[in-house]
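Observations on the model geometry
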Amino acid sequence: MDARITKQRLSNMLSYDWLKIIAAIAVAVLFICVFFTTVKTRPGDNQVFTVYGYRELVAGEQAGSLLDDFKKAGVFSYDILDTEQETFGTGQYAEAAFTARRSVMKGTVMFTTTNRTSEDDPSATVIKELLGGENHALALDLDVYLNDCQNYLVRFFGEEWETGTLDKAEAEACFQSRNGKDRRYRSEAKKAEGILQEYDRLEQLRKDYSFVKQCVNDGTLPYVDVADENGALRHKAFALGKLADLRSYYYYTETTTSGEEETTIASSSNICLFLFRNDEDEGRSAKYVENDLRYEPISYVRALVERFS
């Protein structure tokens, strides 16, 4: 039997079967896409750590890689599956873009400034326009937040949380409640691995919280106060002016005049950071906290201090 492939036979096959071949390829590609979409773990609520820069801030040379660097270095816990960064600037559609993101509760932390916005009113600043009055609920109250974090640690380490031993049963129960149906942990081996990661998450949070609390106490991270709708001052942001190298991450420009000569410099002295309120756990008993990942910014803030101070 002559089964040789000739130009004539190949031409005949393609003349009659090319539609079948294309259809088969299309079906195969569709199957592969559906398969990987189905098995891939998609980040859920609070599993994406998103950093925003606001108004006059400009992203520095480290902005493009810093979050990836932090993720690879283990700054975030195992349950942070992705990171994002966006700088809104002062363009025509910047405010609309920011409003759109917040309408779907996107954003974990935001860099902004205490720069003045009015020559006539010394008290008018960027952060006060953003968070003042009834808008204060956009950001977490740092007094309450840090106290909540400490109570969260007490839940797992006891009243002597700084030196106490981790309650592994409570940590496992926390893991099961949050990740019991997660596709990443379908096998018993993977589930056991995840529980160990949960132990590490809580141990690391204890270290990071102690570090940040010390920075607050020693003045490395002063608070920025903003008045609510009743005029009461609330600690709404960390002032980052003492992080001298922060301008390689975010900066704004200042113009100084000496005689007839003007000089523009990059500065970060008035930059501050606030935490978005994305849940209803503020002030809630630690036992009933639903968003365990609400304390990831603690680790991020520590990493900023260590990187840029």
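Turning to the sheet that holds strand E2 (residues 58-59), a few remarks are in order. Pairing in this open sheet of 3 strands is antiparallel, and the strands run E2-E7-E8 from one edge to the other. Each edge of the open sheet is held by one strand with a lone partner, namely E2 and strand E8 (261-267).

Note on backbone geometry: most residues besides glycine have negative phi, and most peptide bonds are trans. One non-glycine residue, Arg 55, lies in positive phi territory at about 60°. Among the structural elements, Arg 55 can be located in the loop between strand E1 (48-53) and E2. Its identity is not glycine, yet Met 105 carries a phi of approximately 60°, on the positive side. One can find Met 105 in the loop between helix H3 (94-103) and strand E4 (109-113). Overall, Met 105 belongs to the partly exposed group, its relative accessible area being 43%.

For the rest of this paragraph, the subject is the packing of aromatic side chains. Here the structure, examined in full by the defined rule, presents 21 aromatic pairs. With a centroid separation of 4.6 Å and 40° between ring planes, the pair formed by Phe 49 and Phe 76 is classed as tilted. Here Phe 49, found in strand E1, pairs with Phe 76, found in the loop between helix H2 (66-72) and strand E3 (82-87); they are 27 residues apart in sequence, far enough to count as distant. The exposure class of Phe 49 is buried, given its relative accessible area of 1%. Considering the side-chain rings of Tyr 52 and Phe 276, the 6.0 Å spacing of their centres and the 75° angle between planes classify their relative orientation as edge-to-face. Of this pair, Tyr 52 sits in strand E1 while Phe 276 sits in the loop between strand E9 (271-275) and helix H8 (296-308), and the two are 224 residues apart along the sequence. With relative accessibility at 3%, the residue Phe 276 sits in the buried group. The structure contains a cluster of three or more aromatic residues connected by ring pairs, namely Phe 49, Phe 70, Phe 76, Phe 111, Tyr 249, Tyr 250, Tyr 300 and Phe 308.

Attention now goes to the sheet that holds strand E6 (residues 233-239). One open sheet accounts for 6 strands, arranged E3-E1-E4-E9-E6-E5; its pairing is mixed. Only two strands of the sheet have a single partner each, and these edge strands are E3 and strand E5 (223-227). When strand polarity is set aside, the average angle formed by the axes of neighbouring strands in this sheet is 30°. Sheet topology note: the E1/E3 ladder contains 6 bridges and is parallel. For Tyr 52, the partnering residue across the bridge sits in E3 and is Glu 86.

Overall, the coordinates contain 24 salt bridges when judged by the stated rule. Residue Glu 198 pairs with Arg 178 through a salt bridge whose shortest N-O separation is 2.5 Å. Separated by 20 residues along the polypeptide, Glu 198 in helix H7 (residues 188-217) and Arg 178 in helix H6 (residues 168-179) bring together distant segments of the chain. The partner of Arg 234 in a salt bridge is Asp 228, and the shortest N-O contact between them spans 2.9 Å. Look at Asp 228 and you get buried, because its relative accessible area is 7%.

Procedures and definitions
- Residues numbered from 1 in each chain as written.
- Predicted model: local features only at pLDDT ≥ 70, side-chain atom pairs only at ≥ 80, totals over all residues.
- Heavy atoms only, no water.
- Pairing = 2+ DSSP bridges.
- Helix = DSSP H or I, 4+ residues; strand = E, 2+ residues; numbered from the N terminus.
- Buried < 20%, exposed > 50% of the residue type's maximum accessible area, 1.4 Å probe, protein only.
- Phe/Tyr/Trp six-rings, centres within 6.5 Å; stacked < 30°, edge-to-face > 60°.
- Axes fitted to C-alpha atoms, helices over the stretch in contact; angles between N-to-C directions.
- Salt bridge = Lys/Arg side-chain N within 4 Å of Asp/Glu carboxyl O.

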